[in-house]
Structure formats: C-alpha cells, structure tokens
Amino acid sequence: MKLSEELTARGFIHQTSAPLEGILDGEKRTVYLGIDPTADSIHVGNLVPYMLLNRLLQAGHKVILLMGGGTALIGDPGGKSTERPFVEQAVVAEQCKKMEAGVRQFVTGDVTFVNNYDWLSKLSMIEYLRDIGKHFTVNAMIKKDIVANRLDSENPISYTEFSYSLLQGYDYVHLHKTYGCDVQIGGSDQWSNIIAGVDLIRRSTGDEVYAITNPIITDKATGKKFGKSEGNAIWLNAEKTTPYQFYQFWLNTSDESVIEYLKIFTFLRLEEISE
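Residues numbered from 1 in each chain as written. Predicted model: local features only at pLDDT ≥ 70, side-chain atom pairs only at ≥ 80, totals over all residues. Heavy atoms only, no water.

(A) Inspection of the layout of surface pockets at higher detail. Approximately 310 Å³ is the volume found for the second largest pocket. In this structure, the second largest pocket is lined by 15 residues; those nearest its centre are I74, L120, Y128, S163 and L167. Residue assignment for the lining of the second largest pocket shows that the elements contributing at least two residues are α5 (117-120), α6 (125-132) and α9 (159-162). Looking at side-chain class alone, the lining of the second largest pocket contains nine nonpolar, six polar and no charged residues. (1 Å grid on protein atoms, 1.4 Å probe; cavity = no way out; pocket = protein on both sides within 12 Å on 5 of 7 lines; lining within 4 Å. Points joined across faces, edges and corners; volume = space filled by probe spheres on them. Helix = DSSP H or I, 4+ residues; strand = E, 2+ residues; numbered from the N terminus. Nonpolar A, V, L, I, M, F, W, Y, C, P; charged D, E, K, R; others polar.)

(B) Representation of the packing of helix α1 (residues 3-10) against helix α3 (residues 48-58). One can describe the packing of α1 onto α3 by two numbers: an axis separation of 11 Å at closest approach and a directional angle of 160°. In terms of axis orientation, α1 runs roughly antiparallel to α3. Where α1 crosses over α3, the two elements pack in a sense that is right-handed. Here L3, E6, L7 and R10 of α1 come into contact with α3, specifically with L52, R55 and L56. In terms of residue class, the contact of α1 with α3 is built from four nonpolar, no polar and three charged. (Axes fitted to C-alpha atoms, helices over the stretch in contact; angles between N-to-C directions. Parallel < 35°, antiparallel > 145°, perpendicular 65-115°, else oblique. Left-handed = near helix turned anticlockwise from the far one by under 90°. Contact = heavy atoms within 4.5 Å.)

(C) Molecular detail of empty space enclosed by the protein. Counted according to the given criterion, the structure contains one cavity of 30 Å³ or more. Quantified by volume, the largest cavity comes out at close to 50 Å³. Surrounding the largest cavity, D76, P77, M141, K144, I146, V147, E161, F162, Y164, S165 and N193 form its lining. Among the secondary structure elements, those contributing two or more residues to the lining of the largest cavity are α8 (145-151), α9 and α10 (164-179).

(D) Broad picture of the nonpolar core. Membership of the largest hydrophobic core comes to 43 residues, with the highest contact counts inside it found for Y50, L53 and L65. Residues in contact with L65, not counting those within four places in the same chain, are L33, I35, Y50, L53, V103, V107, V111, T112, F113 and V114. Counting residues in each nonpolar core, the second largest holds 30 residues, with I64, L120, I194 and I195 among its members. (Core = buried A, V, L, I, M, F, W, Y, C linked by side-chain atoms within 4.5 Å. Buried < 20%, exposed > 50% of the residue type's maximum accessible area, 1.4 Å probe, protein only.)

(E) Structural context of the pairing of strand β3 (residues 62-67). Counted residue by residue, β3 has five buried out of six residues, so it is predominantly covered. Relative to β3, strand β2 (residues 30-35) runs parallel, the two sharing six bridges. Note on β3: the bridge partner recorded for G34 is L66. After leaving β2, the chain enters α3 and then returns to the sheet as β3, a path that is right-handed. (Pairing = 2+ DSSP bridges. Right-handed = clockwise from strand over helix to strand, strands pointing away.)

Structure, rendered in structure tokens:
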C-alpha cells in the first residue's frame, strides 16, 4: 500500500492542496508542523499530527517542528470568541522548552526543532508591510470564517490577531528558503492559515509548496473534541493527567470511537484492526 493510501485509510487526512499521492508518494519532502506553546504539555487532542509525522519519518521524509515562540505572543483568532490574553515572552519561552521535551517523547527520529521567535523578533515593520503585507488583500482576509465570525460578534478582532495568518505564512516562507521545506501539516482548523503560507510562497518566489490537514478528533458519543477549550484535555504528562486517569480514558472509549482511535493512535496494521 502506498503511503498516501495508508494515511487516507487510517483517517489522517482531511484536506490537501493537491492530490495526496503527488505530494507524498514521489520525491522525499521536508515537512513542518507548527506548535502553539499556549500550554506546557501536549494532550491527546493534538497527538494526531505527531502520529502522522512518525509515519512520514518512517517513509523517509524530513520533519521540522516549529515552536511558535513568536506567534504565541500574538494569538491565533481561530475558534475563539474573544482575544487571547497576552503572555510574557519569558513565560512563552519556558512553555516552548517544556513542549519540546514532551514532543520529543512522541516524535522519534531525525527531527529539526526551530522557534519562530528567532526570526519574527527581527522582522522590521517595513519588511513586514512590503514583503508580506503586499501579497495579502483585506478583501480576501475578511471572508475567512475565523475573521468573519469575529467581525459580527460583540468582541471585534484586533489588528494584532488579524495579522496572525500573515506571520504564519511568513514562517512557511522562511522555512522554505532556509530548509527547502515544501509541505506544512496541521489541524483542519488551521487550513486558512496554512493556505496563506502556500499562496505567499507562490506569489513571492513562484515555487509550489503544499498543505495537508488532519481532522480534529472527537468523541463520537458526545461530539466533543479533546482539548483545553472543552475542559476535557487528557494530558501526556503524568503530573497533569495521572497514569491511572490516562489508562481509564482509553479503557472507557466509546464503542463508536474505538476503530478510529486504533487506526490513528496505534501502529497496528490495518488488517489487524477488525471493524
């Protein structure tokens, strides 16, 4: 089975900017995932892309993990009705260290870690406006769901949050120029931000790069996703979720979700997973 077929069969793929087989079944790629360090640990809800990265590493692709030390100081407006409170840079830096230590337990192999604070903190306002801003239109940006929802709410979106997708797009440009990165992956809620980077690279360099998103995993019995916002995060940190609680979470998985979880969260062969 080709890699694209296996990833699709396992439920890892939600959206792609081009046919998946053309992205992953031919030449070896350099793939990156952005990590938002708004906590000091990862949880089951954001484990999916790390499981995907392990499979890409096994297939011979290169992996870059980008710690959002710079973008975390701005805040992603996606999925929120109010602006995220600002956090001090020292706090974000400490959370990046803890997140990296946790991620290294789940992504094994030759992985490159970078932090976008290293280049975003050096970006001047003139560079930002001339080299990035000129490639985005306000007309298109206000049509994005994550922006449009806030425009119609009682808590309007600030220019700071409005600019988030431009900074994430610039991250992709930087990694493409520096490391030859040509694939970005992320959760389906990040699609518009990831595509912004794909378009920015095409407009600024003429190069073609790609986007892949994975679905947001939910408990099929309740319809809720797993995460901080739902108050049901299962942390991959024994100090935040005890081994007993972790075990009980998997033991009590709803029958409707078992097959999906086995395909995504284990390395069992597909033929070993009985419907």
